[in-house]
Protein chains: 2
Amino acid sequence: MSHSLSPVELIRRKRDGEILSDDTIQGFIQAYTAGEVPDYQMSAFLMAVFLKGMTVEETRALTLAMLHSGAVIDFSDIPGFKVDKHSTGGVGDKTSLVLAPVVAAAGVAVPMISGRGLGHTGGTLDKLESIPGFRTDLTLDDFRRLVSTIGVGLIGQTPEIAPADKKLYALRDVTGTVESLPLITASIMSKKLAEGIDALVLDVKCGNGAFMKTFPNAQALADSLKATGEAMGKRVTALITDMNQPLGWAVGNALEVIEAQQVIRGELLTGRFAELSIDLSAHMILLGGVTDTLEAAREKVLETIRSGAALEKWKEIIAAQGGDPACAENDAKLPTATKEAVVVAASDGFVTHIETEAVGMAGVVLGAGRLTLDSVIDPSVGFKIEVELGAEVKKGDALVRIAFNRDQTLPEVKARLERAFTIGLEKPGE
Amino acid sequence: MSHSLSPVELIRRKRDGEILSDDTIQGFIQAYTAGEVPDYQMSAFLMAVFLKGMTVEETRALTLAMLHSGAVIDFSDIPGFKVDKHSTGGVGDKTSLVLAPVVAAAGVAVPMISGRGLGHTGGTLDKLESIPGFRTDLTLDDFRRLVSTIGVGLIGQTPEIAPADKKLYALRDVTGTVESLPLITASIMSKKLAEGIDALVLDVKCGNGAFMKTFPNAQALADSLKATGEAMGKRVTALITDMNQPLGWAVGNALEVIEAQQVIRGELLTGRFAELSIDLSAHMILLGGVTDTLEAAREKVLETIRSGAALEKWKEIIAAQGGDPACAENDAKLPTATKEAVVVAASDGFVTHIETEAVGMAGVVLGAGRLTLDSVIDPSVGFKIEVELGAEVKKGDALVRIAFNRDQTLPEVKARLERAFTIGLEKPGE
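These numbers were taken from a predicted model, which means no experiment stands behind them.

Time to look at the overall build of chain A. Summing up its helical and strand segments, chain A has 16 helices and 12 strands in all. For 430 residues, the compact-globule estimate of 2.2 N^0.38 gives 22 Å, and chain A sits close to it at 22 Å. With respect to the principal axes defined by its C-alpha atoms, chain A has extents near 70 × 45 × 40 Å. A total of 430 residues make up chain A; the buried ones form 56% of that total. Put simply, 76% of the contacts in chain A that link residues at least 6 apart link residues at least 24 apart. Of the roughly 16400 Å² of accessible surface on chain A, a fraction of 52% belongs to carbon and sulfur atoms.

Moving on, we get to the side chain of Asp126 of chain B. Residues and elements named next belong to chain B. Within the fold, Asp126 resides in helix α6 (residues 124–129). A polar atom in the side chain of Asp126 sits 3.0 Å from the side chain of Arg116. Excluding residues that lie within four positions of it along the chain, Asp126 makes contacts with Arg116, Gly117, Asn253, Arg370 and Ile377.

Turning our eyes to something else, we now look at the packing of aromatic side chains. Applying the stated rule across the entire model yields four aromatic pairs over all chains. Centre to centre, the rings of Phe28 of chain A and Phe45 of chain A are 4.9 Å apart; their planes meet at 70 degrees, and the pair counts as edge-to-face. Here Phe28 of chain A is found in helix α2 (residues 22–33), whereas its partner Phe45 of chain A is found in helix α3 (residues 39–52), with 17 residues between them in sequence. Of the residues examined, Phe45 of chain A reaches a relative accessible area of 2% and is grouped as buried. Lys167 of chain B extends its terminal NZ or CZ atom over the ring of Tyr32 of chain B, reaching a point 4.2 Å from the ring centre. Positioned over the ring face of Phe81 of chain B is Arg235 of chain B, at 5.2 Å from the centre of the ring.

Overlaying chain B on chain A yields an RMSD of 0.0 Å, the required transformation being a rotation through 179 degrees with an accompanying axial translation of 0.0 Å. Expressed as a symmetry operation, the mapping of one chain copy onto the other fits a two-fold axis. Closest to the rotation axis within chain B is the C-alpha of Tyr40 of chain B, separated from it by 1.8 Å. Both copies contact each other with a shared surface, as 100% of the interface residues of chain B are interface residues in chain A too.

This next bit is on the domain arrangement of chain A. Residues and elements named next belong to chain A. What the domain assignment reports for chain A is domain 1 (7–53), domain 2 (83–328) and domain 3 (339–424). Taken together, the contacts link 24 residues of domain 2 with 25 residues of domain 3. Summed over both partners, the interface of domain 2 with domain 3 comes to about 1900 Å²; 59% of that surface belongs to carbon and sulfur atoms. If you look at where domain 2 meets domain 3, you find two salt bridges. Applying the counting rule to domain 2 against domain 3 returns 13 residue pairs in polar contact (both at pLDDT 80 or more). Elements represented by at least two residues in the side of domain 2 that touches domain 3 include exactly β6 (250–251) and α11 (253–264). The element that contributes the greatest number of residues to the side of domain 2 that touches domain 3 is α11, accounting for three residues. Of the residues assigned to the side of domain 2 that touches domain 3, the class counts are nine nonpolar, 11 polar and four charged.

Our next topic: the packing of helix α12 (residues 272–287) of chain A against helix α13 (residues 294–306) of chain A. Two packed helices can be described by the angle between their axes and the distance between those axes. Residues and elements named next belong to chain A. Where α12 contacts α13, the axes come no closer than 8 Å and their chain directions differ by 115 degrees. Of the two elements, α12 crosses α13, and the hand of that crossing is right-handed. Along its contact with α12, which presents Ile278, Asp279, Ser281, Ala282, His283, Ile285 and Leu286, the element α13 presents Leu294, Ala297, Arg298, Lys300, Val301 and Leu302.

Looking now at α2 of chain A. Residue and element names in this part refer to chain A. The terminal C-alpha atoms of α2, which comprises 12 residues, lie 17 Å apart, in line with the 16 Å expected from a rise of 1.5 Å per residue. Within the span of α2, buried status applies to Thr24, Ile25, Phe28, Ile29, Ala31 and Tyr32. Projected onto a plane normal to the axis of α2, the buried residues spread over an arc of 165 degrees and lie on a single side. Each element contacted by the buried residues of α2 is listed here: α1 (7–15), α3, α4 (56–67) and α8 (163–174).

In total, this model carries 76 salt bridges over all chains according to the counting rule given. A salt bridge links Asp77 of chain B to Arg144 of chain B; its shortest N-O distance comes to 3.4 Å. Separated by 67 residues along the polypeptide, Asp77 of chain B in the loop between α4 (56–67) and β1 (83–87) and Arg144 of chain B in helix α7 (residues 140–150) bring together distant segments of the chain. Classification of Arg144 of chain B by relative accessible area gives partly exposed; the value is 26%. One network of salt bridges, in which partners are shared, links Glu9, Arg12, Arg13, Arg15 and Asp16 of chain A together with Glu179 of chain B.

With that settled, consider the interface of chain B and chain A. Listed as interface residues are 21 residues of chain B and, on the opposing side, 21 residues of chain A. Of the roughly 1700 Å² buried between chain B and chain A on both sides combined, carbon and sulfur atoms contribute 68%. The largest contributions to the chain B side of the interface with chain A come from Arg15, Tyr40 and Leu51 of chain B, which together make up 32% of the buried area. If you look at where chain B meets chain A, you find four salt bridges. A salt bridge links Glu179 of chain A to Arg15 of chain B; the shortest N-O distance between them is 3.0 Å. At the junction of chain B with chain A, the criterion picks out 11 residue pairs in polar contact (both at pLDDT 80 or more). Secondary structure elements with two or more residues in the side of chain B that touches chain A: α1 (7–15), α3 (39–52) and α8 (163–174) of chain B. Sorting elements by how many residues they give to the side of chain B that touches chain A places α3 of chain B first, with 10 residues. Grouping the constituent residues of the side of chain B that touches chain A by class yields 10 nonpolar, five polar and six charged.

About the criteria used
- Numbers given for residues are sequential positions, taken from 1 along each chain in its written order.
- Here the convention is simple: chains get letters from A, ligands get numbers from 1, in the order in which they are written.
- Since the coordinates come from a predicted model, pLDDT governs what is reported: local features require at least 70, and pairs of side-chain atoms require 80 or more to be given and counted, while whole-chain, interface and lining totals use all residues.
- Heavy atoms throughout the structure, all of them, feed into the side-chain values; hydrogens and water do not.
- Labels follow the DSSP assignment, with helices taken as runs of H or I lasting at least four residues and strands as runs of E lasting at least two, numbered in each case from the N terminus.
- Atoms counted for the radius of gyration: C-alpha only. Globule rule: 2.2 Å times residue count to the power 0.38.
- Accessibility here uses a 1.4 Å probe with only protein chains present; expressed as a share of the type maximum, an area under 20% marks a residue as buried, one over 50% as exposed, and anything in between as partly exposed.
- Contacts: residue pairs with any heavy atoms within 4.5 Å of one another.
- We get accessible surface area from the Shrake-Rupley algorithm with a probe of 1.4 Å; when it comes to residues, only the shown protein chains can shield them.
- Any pair of nitrogen or oxygen atoms within 3.5 Å is treated as a polar contact; in protein, a donor-acceptor pairing is required on top of that, and neighbouring residues in sequence qualify only through side-chain atoms on both sides.
- Any two rings among Phe, Tyr and Trp, with Trp reduced to its six-membered ring, count as a pair given centres within 6.5 Å; such a pair is stacked if its planes are under 30 degrees apart, edge-to-face if over 60, and tilted if neither.
- Lysine NZ or arginine CZ positioned within 6 Å of the ring centre and within 35 degrees of the ring normal marks a charge as sitting over the ring.
- Least squares is the method for superposing the copies, and the C-alpha atoms it fits come from residues with pLDDT of at least 70 in both.
- An automatic or database domain assignment is the source of the domain bounds shown.
- What gets called buried area is simply the loss in accessible area from a 1.4 Å probe that two parts show on being joined, summed for both.
- Here, a salt bridge means any Lys or Arg side-chain nitrogen found within 4 Å of an Asp or Glu carboxyl oxygen.
- Residues are grouped as follows: Ala, Val, Leu, Ile, Met, Phe, Trp, Tyr, Cys and Pro are nonpolar; Asp, Glu, Lys and Arg are charged; every other residue, Gly included, is polar.
- Helix axes are fitted to C-alpha atoms over the stretch in contact, other axes to C-alpha atoms as well, and angles between N-to-C directions run from 0 to 180 degrees.
- Put simply, a crossing is left-handed when the front helix is turned counterclockwise from the back one by less than a right angle, and right-handed when it is turned clockwise.
- Helix span is expected to be 1.5 Å times the residue number reduced by one.
- Working definition: the arc comes from the directions between the helix axis and the C-beta atoms, pointing outward to the latter.

Here it is as structure tokens:
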């Protein structure tokens, strides 16, 4: 009988901390997506969920309801496991650009639906589109065809995918109900599971440049995502990785493609970015069943890179999605900023703190990122980070090089970056 | 600066349990009333208030903002204190009909804006309108004139009074945010303070026929109302009175007028209803400064009744508001139902429980009350309650007499009343 609860009765129950049945949640989300439940009832419900929480079972039901509000791709005709990765977002996080060709080259299909950058965090679609001609606005049919033929497709969210999430996210944004574990979980997982995947590697970012600033919060989100994915019959691996500094040397769309290509081509196999890319790729390959151990999967990753198979796959992806595959081997074919400025250390010492979110926001001011989804970005501009956290510097050493085109915003960008880097006298504890 | 908080930032703060400034609350309510804040943001805010509460100071600011969303009547040209009573509602609660003439006859002005019955609770306006010709849909100008000339006016809420409350109440009703102390307090007090009163007697009902079922809940509401009224410079007395059985013998509009007139005429001065009416009148007269002690105020009440001054005032009120003053002395001039049925005790024993809300809902089925504000009621129908809680009865004794006109609903009304009265073997503890 519970599926026939009126919206107000359902809101009252959640408000009072009761657990809602699968049918109740399903019916409510369905009615909301159909426009039968008004926003003002949904926002009261969202606030009640924010403050009273949801069990794993409720979160699973919510995810399922949001998932089935739209199209769910069926890749069962493609043999083997289909595996994707989801990152909760950060600054300089371009691992998807490495994973896609590497994992596909290793024989695991990668159906990847990505987002755009917003605020301080970048987005895979913007990075891909800095490759001349590369199109991400493909239909689900195109996407299916790409995954079937070359084993990988990189597209943006389409209106068919989880429309309930689109509507709910817009409402959460204006009603103070964004930072809720069950709501975040359902939002992420409903979209990811619509891709028709069998397994998912989660990269939950933790630190001052991430959505989750503290380890316990990141752990809670990782647990919630993993529990929900597993409750829906998917294999899920969750890593919690550091976002207390930008990931790698590049921040900005074309620059990040260059850094990713350095890994794909095997020129850059050490350092935080390359190592995380290899690690995530290995977890995907392991989940995909190509190897039995993580160690063997890691070997497989390095093999696809060293053999040139990853680079070939990358060229294949670019060509299949309308881009110029010559970019893969020639970084100069990517958009390049006309000018460079440098932010230097004001004193001798050690890099004791990098305010990572502030670096991302400086990128927004520069034009590399956007404040709202309407903003137009400049793919060529960005930052080359010259120092890692803990590095010893001398006064005048470069901390960041700014690749830019327009002089007007440079003073503010420089000032923001200067404030973002702290040089202290003592080397931070290791 | 806090008044410039965006709605979403304000929602987030209340969600996180922070205390909002007067300016912030004022600006938010003003923007909502002006249609600048959408319902979906207000409902998220209301749910956050429901679950996180408000301090007395915040509740005062909310009340003030809602009060000043509309007209506030200024009675400062009328000498002496203006005093009203507010009841949180119940079954058979017709004390306002006694207080108005008695207190006005004692020389205290009574500006009284009342409501209609809804659900199991009756409403003063419906009772008054059962008097042939009596009009309650008067303008604020008419209201002012009545209070100035005869010392009392009995009207319904007008669109000028607290429009923010009207809008908020409708939203709370459909978003599961009704039962919140600060929201209830602001709703009640904003409307009452718009009457231009100096003092208020609160009759907070407690029991199975009241909004507050338990004493701690009723006490909390009484405290909240009193604290808010006093924070706004008003003299407030709060009584908590029993609603575990209908108040008095009459339930139904014309029947309740008859019972009230029995007290006004001095024919009924004992029993729960008459005693509460005298008590509330005395508190209003004391707050109005006519006497120095409650005992003297009580004497004054009895004097206005015994002298016929209360009855004269009642006739004056009826005439001034378009009704037939002959009704005051002749109950037969009020609408009368054509038929009577009796609900009897099924066994010997004691009345151990009366499910008061169920009695009220039986009245709705009968046509004496309404489920929605659109329903049309029959002023002549109702119940004559023959037994009080604890009374000893023999099998076949009348429990309730039903005054009715239409046969169709009688079986359901009878069945509901039979279920509402429990006859047990042991006399309930006193």
